[in-house]
Every structure is written in C-alpha cells, then in structure tokens.
Amino acid sequence: MDQIDQRLIALLRHNARESVATLAARLQVSRGTVTNRLRRLEDEGVIVGYTLRLKPEAETGGLQAWMSIAIEGNDARRVTATLLGEPAVQALHATNGQWDLLAELQVTTLPELARALERIRLIKGISHSETSIHLETLRTTASAAAAPPTDS
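Conventions we followed
- Residues numbered from 1 in each chain as written.
- Predicted model: local features only at pLDDT ≥ 70, side-chain atom pairs only at ≥ 80, totals over all residues.
- Heavy atoms only, no water.
- Buried < 20%, exposed > 50% of the residue type's maximum accessible area, 1.4 Å probe, protein only.
- Helix = DSSP H or I, 4+ residues; strand = E, 2+ residues; numbered from the N terminus.
- Arc of directions from axis to C-beta.
- Contact = heavy atoms within 4.5 Å.
- Core = buried A, V, L, I, M, F, W, Y, C linked by side-chain atoms within 4.5 Å.
- Salt bridge = Lys/Arg side-chain N within 4 Å of Asp/Glu carboxyl O.
- Patch = residues over 30% accessible without salt bridge, like charges linked within 9 Å, V, L, I, M, F, W, Y side chains within 5 Å.
- Areas by Shrake-Rupley, 256 points an atom, 1.4 Å probe, with all protein chains shown as cover.
- Pairing = 2+ DSSP bridges.
- Axes fitted to C-alpha atoms, helices over the stretch in contact; angles between N-to-C directions.

Engineer: Any chance you could explain helix H2 (residues 20–27) here in plain terms?
Structural biologist: One full turn of an α-helix is made of 3.6 residues, so residues set three or four places apart face in the same direction. Listing the buried residues of H2 in full gives Leu-23, Ala-24 and Leu-27. Projected down its long axis, H2 shows its buried positions confined to an angular sector of 100°, all on one face. The inward-facing, buried residues of H2 contact helix H1 (3–14) and helix H3 (31–43). At the C-terminal side of H2, Gln-28 shows a positive phi close to 60°.

Given below as structure tokens:
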C-alpha cells in the first residue's frame, strides 16, 4: 500500500459515499486510478466493506451484544478480515488475555443475533467464543458529555 492508497482510505473513512470523481480530484489522480485502486484494495481484503454509522441518539432499537473470540494458531489476520466483513459486527477490538478479539454486534432481533453468531462461529480459525447481550447502559461518558444539562 502506497501513500495514494493510504490517502484514499483516509478519505473513505471520512465519507465512504464520496464519489469517485471527488476522490480523484482530492487525490489529484484520474477517476480510473481511483476505481482501479478501490477494486485492488477490495480484492486484497484491505477494504472489506462500506458501512453506515448513526449517532447514538438515532439508533432505532435492536439488540447489542459483545462477543469475545479466541483464535487458534496464526489465523488472526484472516479471521479479522472475515469478521470485518460480517454485517452484524459494528466494531472489532484486539485484546489481550484469554480472548484475542472483542466484537461489538448490533442486530434487530434475537433470531438475527442467532444467525450472526452461527456465521461467526463457523469462521475457520475461531477456536471458541463467549457472547453477552447488552441489557442496559448504566453510564457512558460520551453520552453524558453530549447530553444537555437538565433543570431540576
């Protein structure tokens, strides 16, 4: 990956819906160059998908869960790339200790969670996992800082 690829990825992180023409103008390369680089980055598994992020207040419900994942052998890169392409995975964190990865999952229903867990557990290289469903948020500093003060 060269400097143009890195700048392209940075632009996509800011706005993954940016047009190829706009990306090309910002990178000062042709549209064909951007298209070819995007295709190559996708084919190589560097870009594994494009997603939508909502501000927390706009979330429309659903279920959130955390899945702790242990990886066997040297499969971490392949397992990580596969997980990043899983629609239910909203965030993926590398950890230390008993678990190698912590996946934040977001789904609409329990059956959808069951299907996502099944897909994830079938990924070659995952030795075992443990999932916890989010029941209630008792405190979050990000939301507390963003919330307007109340007059009581």
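Engineer: Could you clarify how one ought to interpret the nonpolar core in this entry?
Structural biologist: Considering soluble globular proteins, one finds that nonpolar side chains tend to be buried as a cluster. Membership of the largest hydrophobic core comes to 19 residues, with the highest contact counts inside it found for Ile-69, Leu-83, Leu-105 and Ile-120. Look past the residues within four positions of Leu-83 in its chain and what remains in contact with it is Ile-69, Val-89, Leu-92, Leu-101, Ile-120 and Ile-123. Among the nonpolar cores identified, the runner-up in size contains ten residues, and Leu-8, Ile-9, Leu-23 and Leu-38 belong to it.

Engineer: Where do I start with the pattern of salt bridges in this structure?
Structural biologist: Once their charged atoms are close, side chains differing in charge can pair, the charge on each being opposite to the other. For the coordinates displayed, the defined rule picks out seven salt bridges. Between Asp-5 and Arg-40 there is a salt bridge; the shortest N-O distance is 2.7 Å. Taken together, the positions of Asp-5 in helix H1 and Arg-40 in helix H3 put the pair 35 residues apart, joining distant regions of the chain. On the accessibility criterion, Arg-40 (30% relative accessible area) is partly exposed. Between Arg-78 and Asp-75 there is a salt bridge, with its nearest N and O atoms 3.4 Å apart. A single network of salt bridges, built from pairs that share partners, joins Asp-2, Asp-5, Arg-37, Arg-40 and Glu-44.

Engineer: Quick question: what am I supposed to make of a nonpolar patch on the surface here?
Structural biologist: On the surface, Leu-110, Ile-133 and Leu-135 cluster together into a nonpolar patch covering about 350 Å² of accessible area. Counting through the fold element by element, Leu-135 comes out in the loop between strand S4 (126–133) and helix H6 (141–146).

Engineer: I would appreciate a short explanation of the sheet that holds strand S1 (residues 63–71) in the present structure.
Structural biologist: Think of a sheet as strands paired side by side through backbone hydrogen bonds, with each pair either parallel or antiparallel. As summarised here, the arrangement of the four strands in space is S2-S3-S1-S4, forming an open sheet in which the pairing is antiparallel. Since the sheet does not close on itself, it has two edges, and those belong to strand S2 (89–94) and S4, each with one partner. If you compare each strand with its neighbour and ignore which way they point, the axes differ by 20° on average. One ladder, built from seven bridges, connects S1 with strand S3 (residues 101–107); its direction is antiparallel. Its bridge partner being in S3, Ser-68 is matched across the sheet by Leu-102. This element, helix H4 (residues 76–84), spans S1, S2, S3 and S4 of the sheet and lies at about 160° to S2.

Engineer: It is not clear to me how the side chain of Ser-68 should be interpreted in this structure. Could you clarify?
Structural biologist: Assignment of secondary structure puts Ser-68 in strand S1. If we ignore the near neighbours within four places in the chain, the residues touching Ser-68 are Trp-99, Leu-101, Leu-102, His-128, Ser-129 and Glu-130.

Engineer: What is the right way to look at the environment of Leu-135 in this model?
Structural biologist: Among the residues examined, Leu-135 registers a relative accessible area of 81% and is labelled exposed. Once the C-alpha coordinates of Leu-135 and Ala-65 are considered, the two residues, 70 residues apart in sequence, prove to be 8.7 Å apart.

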